[in-house]
Amino acid sequence: MKNSGPNEKGLLRIENANKSFGGVHAVRDVSFEVQEGVIQALIGPNGAGKTTLFNLITGVFPLDTGHIIFNDQDTGDKKIFNLVSMGIARTFQNVELFTGMTVLENVLVGLHVRTKCGFLGAIARLPNVQREEKEAREKAMHWLDFVGLAHAANNKAGDLAFGWQRSVEIARALASEPRLMLLDEPAAGLNANETGQLGDLMRQIRDLGVTLLLVEHDMSLTMEIADRIVVLDQGAKLSEGTPREVQADEKVIAAYLGA
Amino acid sequence: MVFTLFAAVIICTGAALEGDYYHEQLLTFIGIFTLLAVGLNMLMGYAGQISLGHAAFYGIGAYTTGALTVHLQWSPWASLPCALIMAGVIAYIVGKPTLKLSGYYLGMGTLGFGMIMHVLFREWTTITGGPNGLVGIPSLSLWGLDLSTGRNYLYVVWGCVLLTFFICDRLVNSRVGRALRAIHYSEQAASAVGVDTAKAKLQVFVFSAVVAALAGFLYAHMVMFISPGTFTFLASVKLVAMVVIGGMASIWGALLGATFLTLLPEHLSVFADYEMIIYGGILMGVMIFLPQGLTRGVLDIYEKFRAKRKGTVED
Ligand SMILES: Nc1ncnc2c1ncn2[C@@H]1O[C@H](COP(=O)(O)OP(=O)(O)O)[C@@H](O)[C@H]1O
Ligand SMILES: [Mg+2]
């Protein structure tokens, strides 16, 4: 959401990324860029390495070789929480909420990197801490409102219907004020109606100036919403281009039809 | 406010017990165990990390103040900060490597640490007095006021409990407390939203160790004699049982658990013989049937029951 002028180079640049788990070469020499302000999709069959790539971008584990550059900074030596404060947020393929906490509290945890109060500050609870807490709650409510869940703020997150849990996760990610948001199969488990709403929500998020990189299996949603698509297969990049280009690519057709 | 009410209850109880030495002392012990339980609860109940060696920090608090006051004739008020800092620093050293990893490494680490400390208390005779214990620890007094009488000491201990409750309550309802609870529910997600999970866990571990050392300090200057038998693995398990019974993630539950497990052996003499088995049984039962602890578990059942009666189902 912070715009620091145009980047000629991509906001996110993956350069010759490699990652193996034992004998499994999950990501092979993948390179691509994500331009600021777009919705970009990452597609490919199960096991293609999409989630692994997300984990590499968010710093869950290090690259074997290659570079990931975000906002002109190499992310190789950064801790996860550094990357979050630099502006990378994510959601998980299997929704990961703090189930026993309220919906509002979940989003407040999303504000962690944008707030400061530490151990002693929490105990002393001086006026600046109180002010920060109040503002944090307002912001969290704003994001809940944004995803249409303000009415459920005080419900336990684990008690919500699945589709709503997805929205809480998105609100929580937005709360960290990202510049780049990674969504791992956000439409999985949603019905047609919810999927449509999700598409609208993603456009609204992009209109806030947040760049989106999503993994998605729902092809009609992907083709409709994505400005650009990268196709992975067995860890390697198979194709890249606009939805139209990718759909017409022989290699992609072959991979998807299993030929 | 609930804390004012709590303070009033303590003062009235203290006044009502005037002269009843046995009950004054019992209540003081309950206070000391409540301190231990509420500190450990911050670690277990909120952050979801288990310590199986918490009696060691209790012992570090007691032995630090004991050694400084007995061997070096320090004033207890000078040894108090040393006892707290000692426990904090040691907790930091133990926690730093183990808390980087998620899972049960802290449990394993603290288990071993507790055993080592127990051996140290028993064998480092020049400092600790060895198996015979350390004798001659002074009682507390402040500006000429003798704090060692039954009622005064009860007030001192419960004053500390109240203060610790207050601090824990503020911590829990803050950015820090939310991060800790988040770690409990999903360490992966907590770290993905930018919580420095290793740091948060280490902080709360150090905090719980410092509270345990405060309890150790109060214990040492109450009984004026300490021996290794108080700070054993069994004592650590008993503390875990208090937290679990009291309902994890509930400050007042710690009070309940500590009270229950302090009174039980008093009123049930067979208890002493089967202590270990009973604690083990309680722990297993609660973990299997009510993983959130007794108070929370009962509350959950009640909420479910009420929701069913109202027929309200989300969405
Ligand atoms: N943490 C891990 N440890 C071991 N193997 C993994 C791990 N994460 C992913 N893999 C393996 O990497 C490959 C790619 O998986 P993944 O990235 O989840 O694929 P996708 O998200 O495209 O379905 C799979 O073979 C998977 O088993
Ligand atoms: Mg995946």
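What counts, and at which threshold
In this numbering scheme, every chain counts its residues from 1 along its sequence in written order. Whichever chain is written first becomes A and whichever ligand is written first becomes 1, with later ones labelled in order. Two thresholds apply to this predicted model, a pLDDT of at least 70 for residue-level local features and 80 or more for giving and counting side-chain atom pairs, whereas whole-chain, interface and lining totals are computed over all residues. Hydrogens and waters are ignored; side-chain quantities use all the structure's heavy atoms. Whether a residue is near a molecule or strand is decided by its heavy atoms; if any one of them lies within 4 Å of it, the residue is near. In protein, a polar contact means a hydrogen-donor-capable atom and an acceptor-capable atom, both N or O and within 3.5 Å, with residues adjacent in sequence counting only if both atoms are side-chain atoms; elsewhere, any N or O pair within 3.5 Å suffices. Per-residue and other accessible areas were derived by the Shrake-Rupley procedure at a 1.4 Å probe size, with only the shown protein chains allowed to occlude residues. Only DSSP runs of H or I covering at least 4 residues are called helices, and only runs of E covering at least 2 are called strands; the numbering of each starts at the N terminus. Polarity classes work like this: nonpolar for Ala, Val, Leu, Ile, Met, Phe, Trp, Tyr, Cys and Pro, charged for Asp, Glu, Lys and Arg, and polar for all others, with Gly in that last group. Strands pair, by our definition, only if DSSP identifies at least two bridges between them. Orientation is described by axes fitted as lines to C-alpha atoms, over the contacting stretch for helices, and by angles from 0 to 180 degrees between their N-to-C directions. Note that the term roughly parallel is reserved for angles under 35 degrees, roughly antiparallel for angles over 145, roughly perpendicular for angles of 65 to 115, and oblique for everything else. A crossing counts as left-handed when the near helix is turned anticlockwise from the far one by less than a right angle, and as right-handed when that turn is clockwise. Throughout, a residue-residue contact means that at least one pair of heavy atoms, one from each residue, lies within 4.5 Å.

Asks: How would you explain the site of ligand 1 if you had to name every residue and give the values?
Replies: Residue and element names in this part refer to chain A. Neighbouring residues of ligand 1: Phe 21, Val 24, Ala 26, Pro 45, Asn 46, Gly 47, Ala 48, Gly 49, Lys 50, Thr 51 and Thr 52. Interatomic distance of 2.7 Å between a backbone N/O atom of Gly 47 and an oxygen atom of ligand 1. Contact distances for ligand 1 include 3.2 Å between an oxygen atom and a backbone N or O atom of Ala 48. When ligand 1 sits alone it has 560 Å² of accessible area, and the protein chains cover 61% of it. Mapped onto the shell around ligand 1, the elements with two or more residues apiece are strand S2 (24–34) and helix H1 (50–57). Examining the composition of the shell around ligand 1, we find that 3 residues originate from one element, H1, more than from any other. Of the residues belonging to the shell around ligand 1, the class tally is 5 nonpolar, 5 polar and 1 charged.

Asks: So, the pairing of strand S9 (residues 228–233) of chain A: which residues are in play, and what are the values?
Replies: All names here are of chain A. Relative to S9, strand S3 (residues 39–43) runs parallel, the two being bridged by 4 bridges. Looking across to S9, one finds that Ile 43 is bridged to Val 231. Pairing of S9 with strand S10 (residues 236–241), which is carried by 5 bridges, proceeds in the antiparallel orientation. When the sheet's bridge partners are listed, Leu 232 is paired in S10 with Lys 237. Linking S9 back to S10 in an antiparallel pair, the connection comprises 2 residues, with Gln 234 at a positive phi of about 50°.

Asks: With reference to specific residues and values, describe the packing of helix H5 (residues 127–146) of chain A against helix H6 (residues 162–175) of chain A.
Replies: Residue and element names in this part refer to chain A. Interhelical geometry of H5 versus H6 gives an angle of 135° and a closest axis separation of 9 Å. If you check the angle between H5 and H6, you find them oblique. Two packed elements cross with a definite hand, and for H5 against H6 that hand is right-handed. Across the interface between the two elements, Trp 143, Leu 144 and Phe 146 from H5 touch Ala 171, Leu 174 and Ala 175 from H6. In terms of residue class, the contact of H5 with H6 is built from 6 nonpolar, no polar and no charged.

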